[in-house]
Amino acid sequence: MTRIDMINLAIDADLPTNIERLEVLGGLRQINSMQRCKWAETLFAQHPESAITLLKSVASGPDDDPQKPDAMLSLVRRIEKSDQAQAKALIDELRTKFPLHPATAMAQTKGPSA
C-alpha cells in the first residue's frame, strides 16, 4: 500500500474534516487533481465549503493539469452568486490561459460577465 493509498483510506473516513486539515497543512496537492474534483462533486450538497476548498486547490494548481479548466468552471458555478469578482477573475483566467477549452466557451456563455 502506497502513502497515497493510506491517505485516501484515512480521508474517506471523515472527508470534510480531513480536507480542511490537509489544506491547512498544504497537503491537498499530494492527492491527484481528478480525485479532488470527484470529492468536490460528492461533497457539494452537504459540505460546500470543503468542495470549494478542493476546487480551489485544483484551480490554483499548474496550468498543465488537464483538470484545471473544468475545476475553474465548476468553481465559477459555485461562487458566482456569493463572489462575483472572483468568479469573473476565474472566467478571465480561463479566457487567457485556455481559450480553446470547452470550459471556457461554457463560462463565456453562462458566466457572470457574459
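Conventions and cut-offs
All chains use their own residue numbering, which begins from 1 and follows the written sequence. Given that the model is predicted, a residue must reach a pLDDT of at least 70 before its local features are reported, and side-chain atom pairs must reach 80 or more before they are shown or counted; all residues, however, enter totals for whole chains, interfaces and linings. Values shown for side chains rest on all heavy atoms present in the structure; no hydrogens or waters enter the calculation. The helix and strand labels rest on DSSP assignments: H or I over at least four residues marks a helix, E over at least two residues marks a strand, and numbering proceeds from the N terminus. Here, two residues are considered to be in contact whenever any of their heavy atoms come within 4.5 Å of each other. Residue exposure ignores everything except the shown protein chains as possible cover, and the areas themselves are Shrake-Rupley values with a 1.4 Å probe. What counts as a salt bridge is simple: a side-chain nitrogen of Lys or Arg found within 4 Å of a carboxyl oxygen of Asp or Glu. Accessible area is worked out with a 1.4 Å probe on protein chains only. A residue is then buried under 20% of its type maximum, exposed over 50%, and partly exposed in between. In plain words, nonpolar cores are sets of buried Ala, Val, Leu, Ile, Met, Phe, Trp, Tyr and Cys residues tied together by side-chain atoms within 4.5 Å.

J.: I'd like to hear about the overall build of the chain, residue by residue, with values.
T.: Looking only at helices and strands, one finds seven helices and zero strands in the chain. Each helix and strand of the chain, placed in order from N terminus to C terminus, yields the pattern α-α-α-α-α-α-α. By sequence separation, contacts in the chain at least 24 residues apart represent 49% of the contacts at least 6 residues apart. In the structure as shown, the chain presents an accessible area of about 6,600 Å², 55% of it carried by carbon and sulfur atoms.

J.: Describe the pattern of salt bridges, naming the residues involved and giving the relevant values.
T.: Where charged atoms of side chains with opposite charge meet at close range, the side chains can pair. In this structure the tally under the stated criterion is eight salt bridges. Residue Glu-93 pairs with Lys-68 through a salt bridge whose shortest N-O separation is 3.7 Å. Linking Glu-93 in helix H6 (residues 84–97) with Lys-68 in helix H5 (residues 68–79), this pair joins segments that are 25 residues apart in sequence. With relative accessibility at 2%, the residue Lys-68 sits in the buried group.

J.: Quick rundown of the environment of Ile-79? Include the residues and the values.
T.: Within the fold, Ile-79 resides in helix H5. When its relative accessible area of 5% is taken as the criterion, Ile-79 is described as buried. Residues Ile-79 and Ile-52, spaced 27 residues apart in sequence, show a C-alpha to C-alpha distance of 8.4 Å. Ignoring sequence-local partners within four residues, the contact set of Ile-79 consists of Ile-52, Gln-84, Gln-86, Ala-87 and Leu-90.

J.: For the environment of Arg-29, give the residues involved together with the corresponding values.
T.: Among the structural elements, Arg-29 can be located in the loop between helix H2 (15–25) and helix H3 (33–43). Each C-alpha atom, one on Arg-29 and one on Leu-54, is 9.6 Å from the other, the two residues being 25 residues apart in sequence. If we skip the residues at most four places from it in the chain, Arg-29 touches Arg-36, Ser-57, Ser-60, Gly-61 and Pro-62.

J.: Residue-level account of the nonpolar core, with values.
T.: Judged by nonpolar contacts, the single largest core of 28 residues is most densely connected at Leu-54 and Leu-55. When residues of this core are traced back to their parent elements, those giving at least two are H2, H3, helix H4 (48–59), H5, H6 and helix H7 (102–110). At six residues, H5 tops the list of elements feeding residues into this core. Ignoring sequence-local partners within four residues, the contact set of Leu-54 consists of Ile-19, Leu-28, Arg-36, Trp-39, Ala-40 and Leu-43.

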